[in-house]
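Here is how the chains run, residue by residue.
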Amino acid sequence: MPVLTRLIPSPVVVDIRPGALDDLAGVLADERISHSGRLAVAVSGGSGSQLRERVSPSLPGATWYEVGGGTLDDAIRLAGEIKAGHYDAVVGLGGGKIIDCAKFAAARVGLPLVAVPTNLAHDGLCSPVATLDNDAGRGSYGVPNPIAVVIDLDVVREAPARFVRSGIGDAVSNISAIADWELSHRVTGEKIDGLAAAMARQAGEAVLRHPGGIGENDFLQVLAEALVLSGIAMSVSGDSRPSSGACHEINHAFDLLFPRRAASHGEQCGLGAAFAMYLRGAHEESAFMADVLRRHGLPVLPEEIGFTVDEFVRVVQFAPETRPGRYTILEHLDLKTHQIKDFYVDYVKAIGS
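Residues numbered from 1 in each chain as written. Predicted model: local features only at pLDDT ≥ 70, side-chain atom pairs only at ≥ 80, totals over all residues. Heavy atoms only, no water.

Here's the deal with the overall build of the protein
Summing up its helical and strand segments, the protein has 14 helices and eight strands in all. Against the 2.2 N^0.38 benchmark of 20 Å for 353 residues, the protein shows a C-alpha radius of gyration of 20 Å, consistent with a compact globule. Each principal axis of the C-alpha atoms in the protein carries an extent, and together these give about 60 × 50 × 40 Å. Here the protein holds 353 residues, and the buried ones make up 55% of them. By sequence separation, contacts in the protein at least 24 residues apart represent 73% of the contacts at least 6 residues apart. On the protein, roughly 14,900 Å² of surface is accessible, and the fraction owed to carbon and sulfur atoms is 52%. Computed over 31 positive and 43 negative side-chain charges, the separation of the two mean positions in the protein equals 3 Å. (Helix = DSSP H or I, 4+ residues; strand = E, 2+ residues; numbered from the N terminus. Rg over C-alpha atoms; globule rule 2.2 N^0.38 Å. Buried < 20%, exposed > 50% of the residue type's maximum accessible area, 1.4 Å probe, protein only. Contact = heavy atoms within 4.5 Å. Areas by Shrake-Rupley, 256 points an atom, 1.4 Å probe, with all protein chains shown as cover. Lys, Arg positive; Asp, Glu negative; His and termini not counted. Charge placed at Lys NZ, Arg CZ, Asp CG, Glu CD.)

Put into structure tokens, the structure is as follows:
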């Protein structure tokens, strides 16, 4: 019988719960991941190295590599160091920069990657993309999905609250990104991957509508699952479209125009999503999104992250240049400076200051 369904690239193991780190050795012992126990573990000098003492006794065959930062040079250096080690897999244990470095290094040497994030700052923990700083600023590099994802909610809760808040903003922005994808489909004929869109949308909606807060296991579970699903949705579609629209164009514009002052990825994406929803006429949805973001301590106005209205207008006007070829509400409206200002005044009134 012919195969009538497609195969979806996704992790063979997803373990999200309190105490998951204590069973990491059991996950890694899966023969689909490591048959010999020889592992290259990449850690940072911060949260990852602090967990090394806890984890290393259960991984006697592992070699530990400390990664200095999140640059392309760091990732290439890591790949060079592990190339001659005859390892079964690479484990990234730490924050987003370490995970991305480990992703890139694993792909470069042809090994599977196990992601063990210590915070929930964005949806890159399970995506087929490694975001790394380079000489030109910041680049995105295609890599395979992690073969396994292990998220210990106890560890995540110990991370600074701003990391969880950033993850909330990134997850919620999926809703705006999918609306942009649907707009492009109507106007330009761009094809939509229905499965990827459904996964990303439901991930965003689950976080948006959950009544809990960042200190509660139930909420952290939903957020972690949403970020994993967002990453898999990108893998299904073959690009970042399910999670990246005008919201991320605005985020990239902040980063490029004000690299020394930019806020966190998720803060900027959440703000961008709420404003983009208003631009497309979804005023009630925009106000609800803004209310939820505020409840979790996220910004919904540029002044709340240190930018003037004129600077935000500049960001919105520049945003389409960050992703040439991507069609969103920003490209659709092609707003002039005075129009952005008018929309912003109305947006502030709609969401309440």
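Side note on empty space enclosed by the protein
In total, this model carries two cavities of 30 Å³ or more according to the counting rule given. Size it by volume and the largest cavity reaches roughly 50 Å³. Looking at the lining of the largest cavity, the element that brings in the most residues is helix H4 (residues 96–109), giving three residues. For the lining of the largest cavity, the class distribution of residues is five nonpolar, five polar and one charged. Of the volumes computed, that of the second largest cavity is approximately 40 Å³. Counting residues per element, the ones that place at least two in the lining of the second largest cavity are strand E5 (113–117) and strand E8 (148–152). (1 Å grid on protein atoms, 1.4 Å probe; cavity = no way out; pocket = protein on both sides within 12 Å on 5 of 7 lines; lining within 4 Å. Points joined across faces, edges and corners; volume = space filled by probe spheres on them. Nonpolar A, V, L, I, M, F, W, Y, C, P; charged D, E, K, R; others polar.)

Remarks on the nonpolar core
One finds Leu120, Ile151, Val207, Leu223, Ile250, Met289 and Tyr347 to be the most contacted residues of the largest nonpolar core, which totals 96 residues. The biggest single contributor to this core is helix H8 (residues 217–237), with eleven residues. The residues contacting Val207, other than those within four sequence positions of it, are Ile168, Ala171, Val172, Phe219, Val222, Leu223 and Ala226. Listed in part, the 24 residues of the second largest apolar core include Val13, Leu39, Leu93 and Val155. (Core = buried A, V, L, I, M, F, W, Y, C linked by side-chain atoms within 4.5 Å.)

Brief notes about the environment of Asn134
If you trace the backbone, Asn134 turns up in strand E6 (residues 129–134). With relative accessibility at 23%, the residue Asn134 sits in the partly exposed group. In this structure, the C-alpha to C-alpha distance between Asn134 and Asn174, residues 40 residues apart in sequence, is 27 Å. Contacts of Asn134, omitting those with residues within four sequence positions, involve Leu72, Gly139 and Tyr141.

Thoughts on the packing of aromatic side chains
Any pair of aromatic rings gets described here by the distance separating the centres and the angle formed by the planes. Taken as a whole and judged by the stated rule, the model has eleven aromatic pairs. Ring geometry for Phe275 against Tyr347: centres 5.3 Å apart, planes inclined by 85°, an arrangement best described as edge-to-face. Placement of Phe275 in helix H10 (residues 265–279) and of Tyr347 in helix H14 (residues 337–351) is noted, with a sequence separation of 72 residues between them. Grouping residues by exposure puts Phe275 and Tyr347 together as buried. The interplanar angle of 70° and the centroid separation of 6.0 Å between the aromatic rings of Tyr278 and Tyr347 together place this pair among those described as edge-to-face. With a gap of 69 residues between them, Tyr278 in helix H10 and Tyr347 in helix H14 connect regions that are remote in the sequence. (Phe/Tyr/Trp six-rings, centres within 6.5 Å; stacked < 30°, edge-to-face > 60°.)

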